[in-house]
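Residues per chain are reported as follows:
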Amino acid sequence: MQILVVDDDPKINELIRYSLERYHYKVITAADGVDALELARRLRPDLIILDVMLPGLDGYEICREIRRDPKTAAIPIVMLSARSQEIDKVLAFELGADDYVTKPFSPRELIARIKVHCRRGTIAAEPGPSPEIRVGDLAVNVDRFEVYLAGREIRLSRKEFNLLLTLISHPGRVFTRDWLMSAIWGYDDADETRTIDVHIRYLRRKIEPDPARPKYIETIRGLGYRFRSISEKAPERTDGRG
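Residues numbered from 1 in each chain as written. Predicted model: local features only at pLDDT ≥ 70, side-chain atom pairs only at ≥ 80, totals over all residues. Heavy atoms only, no water.

**Considerations on the pairing of strand 3 (residues 47-51)**
Phase 1 of the analysis: In terms of burial, strand 3 is a largely internal element, five of the five residues being buried.
Phase 2 of the analysis: The side-chain alternation of strand 3 yields two buried faces, one formed by L47, I49 and D51 and the other by I48 and L50.
Phase 3 of the analysis: The pairing of strand 3 with strand 4 (residues 77-81) spans four bridges and is classified as parallel. Considered in strand 4, the bridge of L50 is made with M79.
Phase 4 of the analysis: As for the winding sense of the linkage, the β-α-β connection from strand 3 through helix 3 (residues 59-68) to strand 4 is right-handed. (Buried < 20%, exposed > 50% of the residue type's maximum accessible area, 1.4 Å probe, protein only. Helix = DSSP H or I, 4+ residues; strand = E, 2+ residues; numbered from the N terminus. Pairing = 2+ DSSP bridges. Right-handed = clockwise from strand over helix to strand, strands pointing away.)

What follows is the structure in structure tokens.
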């Protein structure tokens, strides 16, 4: 398992390298944004730990570029930053980050989150035997991790794909934010459930004909989300959350 660690502080790079190598991960480090993007494109690591504040290109721009490239779009990205305000986390998630860890951080917690993202079979859904699930114009190929809308491929991050697969595999079932956080992110933290709302909003922008009146993913006020069956009619407007 190869992990790219990007931070302009050599002490943090070495701390993360030491912690990861104890668990037999192969670690490559970079100290600026330009080198980080070049390494990500050339090596296609299994996961990237990405600081926000970097010389050259900042972490947000690197995240955006990685998600734009089909060859790197599925690589899990864990953002690392001293910025702890909600707006910073929301921006990271909207650009396609899979997780956000604030500094100072516990190496043990970081390792736990990395294990969740690197673990194969993290999809929380219980899909049926068919490798492809179709609802209306939306098609999800489970085996190839591909999503198509009206025949056009839609690029999703791994977490977006896992969320969509979980919901579309159980039309009509309501999934709470806490449940989704625990099942897909691998930890249960009430303070982090905003993460779900951000990913749902970004997912809607990609798969919904009109994100303001979602056809597929319905918000259940005070609970979470569910995927509508094809026979259900979308309401005139959402409740404004997620």
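**Observations concerning the environment of K115**
Phase 1 of the analysis: By secondary structure assignment, the location of K115 is in helix 5 (residues 107-118).
Phase 2 of the analysis: Note on K115: relative accessible area 34%, which makes it partly exposed.
Phase 3 of the analysis: Through-space distance from the C-alpha of K115 to that of Y23 is 9.9 Å; in sequence the pair is 92 residues apart.
Phase 4 of the analysis: The residues touching K115, leaving out its near neighbours within four places in the chain, are Y23 and Y25. (Contact = heavy atoms within 4.5 Å.)

**Observations regarding the pairing of strand 4**
Where a strand is regular, its side chains alternate between the two sheet faces.
Phase 1 of the analysis: Counting buried positions over the five residues of strand 4 gives five, a clear majority of the element.
Phase 2 of the analysis: Residues I77, M79 and S81 point to one face of strand 4 and V78 and L80 to the other, with burial holding for every one of them.
Phase 3 of the analysis: Sheet topology note: the strand 4/strand 5 (residues 99-102) ladder contains four bridges and is parallel. When the sheet's bridge partners are listed, V78 is paired in strand 5 with D99.
Phase 4 of the analysis: Note on the crossover from strand 4 through helix 4 (residues 86-94) to strand 5: the handedness is right-handed.

**Observations concerning the nonpolar core**
Phase 1 of the analysis: If you look at the biggest cluster of nonpolar residues, it comprises 28 residues, and the most contacted ones within it are L138, V147, L164, I168, Y216, I217 and F227.
Phase 2 of the analysis: Breaking this core down by element, the ones donating at least two residues are strand 6 (132-135), strand 7 (138-141), strand 8 (146-149), helix 6 (158-168), helix 7 (177-185), helix 8 (194-207) and strand 12 (224-227).
Phase 3 of the analysis: Not counting residues up to four positions away in its chain, the partners in contact with F227 are V135, L138, L164, L167, I168, P171, G172, R173, Y216 and I217.
Phase 4 of the analysis: Listed in part, the 26 residues of the second largest apolar core include L4, L54, I75 and V90. (Core = buried A, V, L, I, M, F, W, Y, C linked by side-chain atoms within 4.5 Å.)

**Brief notes about the pattern of salt bridges**
Phase 1 of the analysis: In total, this model carries 20 salt bridges according to the counting rule given.
Phase 2 of the analysis: Put simply, R64 and E61 hold a salt bridge, and the shortest N to O gap is 2.3 Å. Here the residue R64 and the residue E61 both occupy positions in helix 3, the gap between them amounting to three residues, near one helical turn.
Phase 3 of the analysis: Exposure remark for E61: the relative accessible area of 24% places this residue in the partly exposed category.
Phase 4 of the analysis: Across the salt bridge formed by E132 and R134, the nearest N and O atoms sit 2.9 Å from each other.
Phase 5 of the analysis: Among the residues examined, E132 registers a relative accessible area of 29% and is labelled partly exposed.
Phase 6 of the analysis: Residue class for R134 comes out exposed when judged on its relative accessible area of 59%.
Phase 7 of the analysis: Linked through salt bridges whose partners overlap, the residues forming this network are D7, D51 and K103. (Salt bridge = Lys/Arg side-chain N within 4 Å of Asp/Glu carboxyl O.)

**As for the sheet that holds strand 4**
Phase 1 of the analysis: Taken together, five strands build an open sheet; the order of strands is 2-1-3-4-5 and the sheet is parallel. Both edges of this open sheet fall to strand 2 (26-30) and strand 5, since each of them pairs with a single strand only. Strand after strand, the sheet turns through a mean of 20° between neighbouring axes, direction not considered.
Phase 2 of the analysis: Where strand 1 (residues 2-6) lies against strand 2, five bridges are found, and the strand directions are parallel. (Axes fitted to C-alpha atoms, helices over the stretch in contact; angles between N-to-C directions.)

**As for the packing of aromatic side chains**
The geometry of two aromatic rings is summed up by the distance between their centres and the angle between their planes.
Phase 1 of the analysis: Per the stated rule, a full pass over the model turns up three aromatic pairs.
Phase 2 of the analysis: Ring centres of F145 and F161 lie 5.2 Å apart, and the angle between their planes is 50°; on these two criteria the pair is classed as tilted. On the criterion of sequence distance, the pair formed by F145 in the loop between strand 7 and strand 8 and F161 in helix 6 is long-range, its members being 16 residues apart.
Phase 3 of the analysis: For F161, a relative accessible area of 4% gives the class buried.
Phase 4 of the analysis: A cation over a ring is seen here: R173 above W179, with NZ or CZ 5.4 Å from the ring centre. (Phe/Tyr/Trp six-rings, centres within 6.5 Å; stacked < 30°, edge-to-face > 60°. Lys NZ or Arg CZ within 6 Å of the ring centre and 35° of its normal.)

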